Amino acid sequence: MNAIIKTVSITDPIATGIAAYLDEIIALRHDLHQYPELAFQEHRTAKKVASLLAEWGYDVATGIAGTGVVATLRRGNGNRCIGIRADMDALPIEEATGLDYASSNPGVMHACGHDGHTSILLAAARYLAESGNFSGTLRLIFQPAEEIGAGARKMLSEGLFDRFPVDAVFGLHNWPGVGAGQFGFVAGPAMASVDKAVITIVGKGGHGAEPHRAVDPVLASASFITALQSVVSRNIDPQEMAVATVGSIHAGSASNVIPESVEMKLTVRAYNETVRARLQERISALARAQAESFGAEAEVDYRLGFPALVNHAEETEFARNVALQALGGAAVEADFRPRTASEDFAFLLQAKPGSYLFVGNGDSAPLHSARYDFNDAIIAPAARYWVRLAEAFLANDNG
């Protein structure tokens, strides 16, 4: 791959080309933000995406995983093929930004920036169709249902890379708190696996004034929650990352009644499969042991979500070099660290080599916040980056 980096130049007409229609892309982003759609319901979004891509000359396939879109553009006689993916779905959050283009769909919001990711890729798609200098095949993947971790798997199960082969696949995510337009790259584990455990402690209900006649599941659950962090601190190698968080507890409704049961919901995260398996084993055993020590029982429903996102070293170095040469060293975070959030792009990286990168959203509200808004100022540099990545990967001398 290093041989094709020489085609990337720091000075190029891409920024000027994208600037010519940037206002249209920003207006599109605001439109997508105003009409957000939940996982597998992205019908309006997919229709807009497909229509624009067809207008620009792409061969467009729709209906993949229900609402997924794949666009293909071939040029020259190069035999390499690159895939670039953007996600399209929103979150079940009531927006509180007060923006003129705030969500018009009650309880649904683009609180993670997928409206921006889609707009970035469309901005790059237009330039590549009109002025792209490459030889080979470009595939743009617009994926549904990332937020529930189901879209990538469903596209793969429906033959995504069998129908639309690629040599490598790339994606990006905006990141609040990182300088606007700053790019981050991580080789190896870049985002965590995510699993969910629903643990129910079943005791014996009774009167709050006579606890000796009951088996208190609240006390047992409190002991479990306190002991839970011993799994991270004493069962996991200190040099490894592990997260076990109880995010939801439900028990009873009256102050003078000991309930029959307590339900807890946990999110569990790691960077490697060995740690992931160890967390499942120890959390399940601890819940049962803690419950038993109080005379109660624990029912454990441990649900595997999706694996850690592991970037391939060669593709990540290639992607980083493109950024350095196309945008300059000042645009690349020198020590960008892995994130403990999760991404179902992980499944695409299990199927094909590639890399998932990050672009700073500036000083914004955090992801999944009701006050979050994607920063329109990063559309142009991120779109310019996608163009340069595609042109470098599909350089005219690669065939």
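Residues numbered from 1 in each chain as written. Predicted model: local features only at pLDDT ≥ 70, side-chain atom pairs only at ≥ 80, totals over all residues. Heavy atoms only, no water.

The name given to the protein in an unreviewed UniProt entry is Hippurate hydrolase, with the source organism recorded as Rhizobium miluonense.

What follows concerns the overall build of the protein. The secondary structure content of the protein amounts to 11 helices and 15 strands. Relative to the 2.2 N^0.38 estimate, which gives 21 Å for 399 residues, the radius of gyration of the protein is 24 Å and therefore close to what a compact globule would have. Based on the C-alpha atoms only, the size of the protein along its principal axes is roughly 80 × 45 × 40 Å. Out of the 399 residues in the protein, the part that is buried amounts to 55%. The contacts of the protein with a sequence gap of at least 6 include a subset with a gap of at least 24, amounting to 83%. On the protein, roughly 16200 Å² of surface is accessible, and the fraction owed to carbon and sulfur atoms is 49%. Each charge sign in the protein was given a centre, from 32 positive and 45 negative side chains, and these centres are 3 Å apart. (Helix = DSSP H or I, 4+ residues; strand = E, 2+ residues; numbered from the N terminus. Rg over C-alpha atoms; globule rule 2.2 N^0.38 Å. Buried < 20%, exposed > 50% of the residue type's maximum accessible area, 1.4 Å probe, protein only. Contact = heavy atoms within 4.5 Å. Areas by Shrake-Rupley, 256 points an atom, 1.4 Å probe, with all protein chains shown as cover. Lys, Arg positive; Asp, Glu negative; His and termini not counted. Charge placed at Lys NZ, Arg CZ, Asp CG, Glu CD.)

Let us now look at the sheet that holds strand 12 (residues 261-270). Two orientations exist for strands paired in a sheet by backbone hydrogen bonds: parallel and antiparallel. Spatial strand order, 10-12-8-13: 4 strands in an open sheet with antiparallel pairing. Only two strands of the sheet have a single partner each, and these edge strands are strand 10 (242-250) and strand 13 (297-306). Taking each pair of neighbouring strands and ignoring which way they run, the sheet shows an average axis angle of 20°. As defined by bridge partners, strand 8 (residues 193-202) adjoins strand 13 across 9 bridges and the pair is classed as antiparallel. In the strand pairing of strand 13, aspartate 195 is matched with leucine 304. Sheet strands touched by helix 7 (residues 217-234): strand 8, strand 10 and strand 12. Its angle to strand 12, the strand with the most contacts, is close to 10°. Each of strand 8, strand 10, strand 12 and strand 13 is contacted by helix 8 (residues 273-293), which is oriented at about 165° to strand 13, the strand it contacts most. (Pairing = 2+ DSSP bridges. Axes fitted to C-alpha atoms, helices over the stretch in contact; angles between N-to-C directions.)

Tallied over the entire structure, the rule returns 18 salt bridges. In this structure, aspartate 87 and arginine 85 form a salt bridge, with 3.6 Å as the shortest nitrogen-oxygen distance. A relative accessible area of 0% means that aspartate 87 is categorised as buried. Here arginine 213 makes a salt bridge to glutamate 210, at a shortest N to O gap of 3.6 Å. Because the salt bridges share partners, they merge into one network encompassing Arg29, Asp115, Asp373 and Asp376. (Salt bridge = Lys/Arg side-chain N within 4 Å of Asp/Glu carboxyl O.)

The UniProt entry lists residues 197-291 under the feature "domain: Peptidase M20 dimerisation" (unreviewed entry), expressed in the numbering used here. The distance separating the terminal C-alpha atoms of residues 197-291 is 16 Å; by composition the span is 39% helix and 31% strand. (UniProt positions renumbered as here; feature names shortened; annotations may be inferred.)

Applying the stated criterion across every chain yields a total of 11 aromatic pairs. Ring centres 6.4 Å apart and planes at 50° place the aromatic pair phenylalanine 170 and phenylalanine 318 in the tilted group. Pair noted here: phenylalanine 170 is in strand 5 (residues 168-176) and phenylalanine 318 is in helix 9 (residues 313-327), with a separation of 148 residues, a long-range link. Grouping residues by exposure puts phenylalanine 170 and phenylalanine 318 together as buried. Taking 6.2 Å as the distance between ring centres and 75° as the angle between the ring planes, the aromatic pair formed by phenylalanine 170 and phenylalanine 393 counts as edge-to-face. Of this pair, phenylalanine 170 sits in strand 5 while phenylalanine 393 sits in helix 11 (residues 379-393), and the two are 223 residues apart along the sequence. The burial state of phenylalanine 170 is the same as that of phenylalanine 393; both residues are buried. Put simply, the rings of Trp175, Phe336, Phe345, Tyr356 and Phe358 touch in pairs and so form one group of aromatic residues. Here the basic side chain of arginine 80 rests over the ring of phenylalanine 393, its NZ or CZ set 4.0 Å away from the ring centre. We note arginine 339 situated over the ring of phenylalanine 336; from NZ or CZ to the ring centre the distance is 4.0 Å. (Phe/Tyr/Trp six-rings, centres within 6.5 Å; stacked < 30°, edge-to-face > 60°. Lys NZ or Arg CZ within 6 Å of the ring centre and 35° of its normal.)

Position of glycine 295 among the secondary structure elements: in the loop between helix 8 and strand 13. Separated by 93 residues in sequence, glycine 295 and valine 202 place their C-alpha atoms 9.3 Å apart.

Counting residues in each nonpolar core, the largest one holds 95 residues, and the members touching the most others are Leu53, Tyr58, Leu138, Leu140, Phe142, Tyr385 and Trp386. Residues in contact with tyrosine 385, not counting those within four places in the same chain, are Phe183, Phe185, Ala319, Arg320, Val322, Ala323, Leu327 and Leu357. The next biggest cluster of nonpolar side chains, apart from the first, holds 26 residues, and it includes Ala227, Met264, Leu286 and Ala298. (Core = buried A, V, L, I, M, F, W, Y, C linked by side-chain atoms within 4.5 Å.)

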